[in-house]
Amino acid sequence: AKPEDLIEDFEEYARRMSKLKYYVSDDEDLGLNFFSDAGMIEAKRLLNDYNTVSCISTGFPVLDIQLQGGLRKGELTVIMASTNVGKTSMLLNFAANFVKQGYRTLYICLDNLEGEFISRSVGCLLETNISQGIDPGIALDAVADEYQAKLKDKLWVKHFGPRELNKSKLERYLDRLSSHLYELDKAAGKPEEECGVLDTIVIDYLDVMLPESSAQEGWAAAEHLSQEIKAVLKSRELVGLSATQGGTEAMKADTLKLHMGQGYKSRFNAPDNIFGMSQDDAEKCSTPSAFRFGCLKARRPKVNYQIKFLFWKEKQVIREVEDAKVYNMSERQTLEG
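Conventions and cut-offs
Residue positions within a chain follow its written sequence, with the count starting from 1. Given that this is a predicted model, residues contribute local features only at a pLDDT of at least 70 and side-chain atom pairs are listed and counted only at 80 or more, while totals for whole chains, interfaces and linings are drawn from all residues. The side-chain quantities take in all heavy atoms of the structure and omit both hydrogens and water. A helix here means a DSSP run of H or I that spans at least four residues, while a strand means a run of E at least two residues long, and both kinds are numbered starting from the N terminus. Whether a residue is buried, partly exposed or exposed follows from its accessible area with a 1.4 Å probe, protein chains only, as a fraction of its type maximum: under 20%, in between, or over 50%, in that order. Note on contacts: a residue pair is in contact if any heavy atoms of the two residues lie within 4.5 Å. The Shrake-Rupley method, run with a 1.4 Å probe, gives the accessible areas here. Residue values count only the displayed protein chains as cover. Only residues whose relative accessible area exceeds 30% and that form no salt bridge enter a patch; like-charged residues are grouped when within 9 Å of one another, and nonpolar side chains (Val, Leu, Ile, Met, Phe, Trp, Tyr) when within 5 Å. Salt bridges, as used here, are contacts in which a Lys or Arg side-chain nitrogen is within 4 Å of a carboxyl oxygen on Asp or Glu. Under the counting rule used here, the positive set is Lys and Arg, the negative set is Asp and Glu, and His together with the chain ends is not counted. One atom stands in for each charge, and that atom is NZ of Lys, CZ of Arg, CG of Asp or CD of Glu. Between any two strands, pairing holds if DSSP finds at least two bridges. What is meant by a nonpolar core is a set of buried Ala, Val, Leu, Ile, Met, Phe, Trp, Tyr and Cys residues, joined one to another through side-chain atoms within 4.5 Å.

J.: How would you sum up the overall build of the chain? Please name residues and give values.
T.: Regarding its fold elements, the chain presents 11 helices and 12 strands. The proportion of buried residues among the 337 residues of the chain is 43%. Looking at the chain alone, contacts between residues at least 24 apart form 69% of all its contacts between residues at least 6 apart. When the accessible surface of the chain is totalled, it reaches about 18,000 Å², and 53% of it is carbon and sulfur.

Okay, structure coming up:
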């Protein structure tokens, strides 16, 4: 038998054993007795964890307010945008913001070469122009001087070929990475509970994971893939980010319309948060360029709003506009007629 066949057989055996334990276990959790004294204490702990421990700031203050603090562990957030609006750059800026806060982040490159990721990262971290190329020695030495000591072991970059990554391969890679991180942290003298911890995963980007056989299935394939990724995030308590070009047929070139958030929901339910990026001609041609980041779906209350961002493409730097105005999409539709 081939090694990959043996691995799949073992994974199927592990899944069956996992299900079996629920039939033979006699210590099943009975749940939370909400109005009991012990239940109230546990409820307070859970709510505190939800408000703080489970929440990671995006690094964008106005967006954090709308997200009630940031992104949650176990959640999948997907950004939808057409080509050249800035999906990868937005993912990169999220990742940079996570790492600068001290969260350990895994950035999985699927669409871009690792060298391209490094070039974009240098521009983003140093806020330097990379459009004419950069000197590897000078640029990386500058990154090391600025960040290496305080962010050691915080950012990991893994490249998979197009259509090479799937759920089982992602699980196996995360197991290997976690073991390696545990050894690094243990050697560094970290407390046991902090060893091997990974906080966020950024997958650039969702569409490249779709197998060729399902490429024409559109939403159904993307929905299934999103469900698989979210299962990984929930089991490992990770914040997950990705992007897709899917659904852009419902996006007007000049603005994000409210019906966009309604038209695909029945076909794309798996992500916990869905954002769309949109530009009009004036925003595209401005210096720096601008785009609107619109929330189309959220597990938490606030939805159908937009925040304006500025994008310095030559530096790969994205920032909220100063004194950013938050408005909902129906209001914008009224203003634009």
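Picking up where we left off.
J.: Can you lay out the environment of Met 277 for me, pointing to particular residues and giving the numbers?
T.: Considering the arrangement of structural elements, one finds Met 277 in strand β8 (residues 273–278). Here the alpha-carbon distance between Met 277 and Met 80, two residues 197 residues apart in the chain, equals 6.4 Å.

J.: Break down a negative patch on the surface for me, citing the residues and quoting the values.
T.: On the surface, Asp 135, Asp 141, Asp 145 and Glu 146 cluster together into a patch of negative charge. Relative to the elements of secondary structure, Glu 146 occurs in helix α6 (residues 136–148).

J.: Please give an account of the pairing of strand β4 (residues 105–109) that cites residues and values.
T.: Among the five residues in β4, five count as buried, and that is most of the element. Every second residue of β4 is oriented toward a common face, with Thr 105, Tyr 107 and Cys 109 on one face and Leu 106 and Ile 108 on the other, all of them buried. Relative to strand β5 (residues 155–159), β4 runs parallel, the two being bridged by five bridges. Directly across from Ile 108, in β5, lies its bridge partner Lys 158.

J.: A description of the nonpolar core should follow, citing residues and the corresponding values.
T.: Ranked by internal contacts, the top residues of the largest apolar core, which has 65 residues, are Leu 63, Met 90, Phe 94, Ile 108 and Phe 293. Here this core takes seven residues from helix α4 (residues 87–100), the largest share from any one element. Excluding residues within four positions of it along the chain, Phe 94 makes contact with Thr 58, Phe 60, Leu 63, Ile 79, Leu 241 and Phe 293.

J.: Describe unusual backbone geometry, and please don't skip the residues or the numbers.
T.: It is generally the case that most residues other than glycine have a negative phi and that most peptide bonds are trans. The omega torsion across Asp 204 and Tyr 205 is 0 degrees, close enough to zero to call that bond cis. Mapping Tyr 205 onto the fold places it in the loop between β6 (200–204) and α8 (219–236). Following Thr 287, the chain continues to Pro 288 via a peptide bond in cis, the omega torsion being -5 degrees. Looking at where Pro 288 falls in the secondary structure, it is placed in the loop between α10 (281–285) and β9 (289–298). We note that Asn 84 has phi near 70 degrees; this positive angle belongs to a residue other than glycine. Within the secondary structure, Asn 84 is located in the loop between β3 (76–80) and α4. Of the residues examined, Asn 84 reaches a relative accessible area of 64% and is grouped as exposed.

J.: How would you explain the environment of Phe 275 if you had to name every residue and give the values?
T.: On the secondary structure map, Phe 275 appears in strand β8. For Phe 275, a relative accessible area of 2% corresponds to the buried category. For the pair Phe 275 and Arg 292, spaced 17 residues apart in sequence, the C-alpha to C-alpha distance is 9.9 Å.

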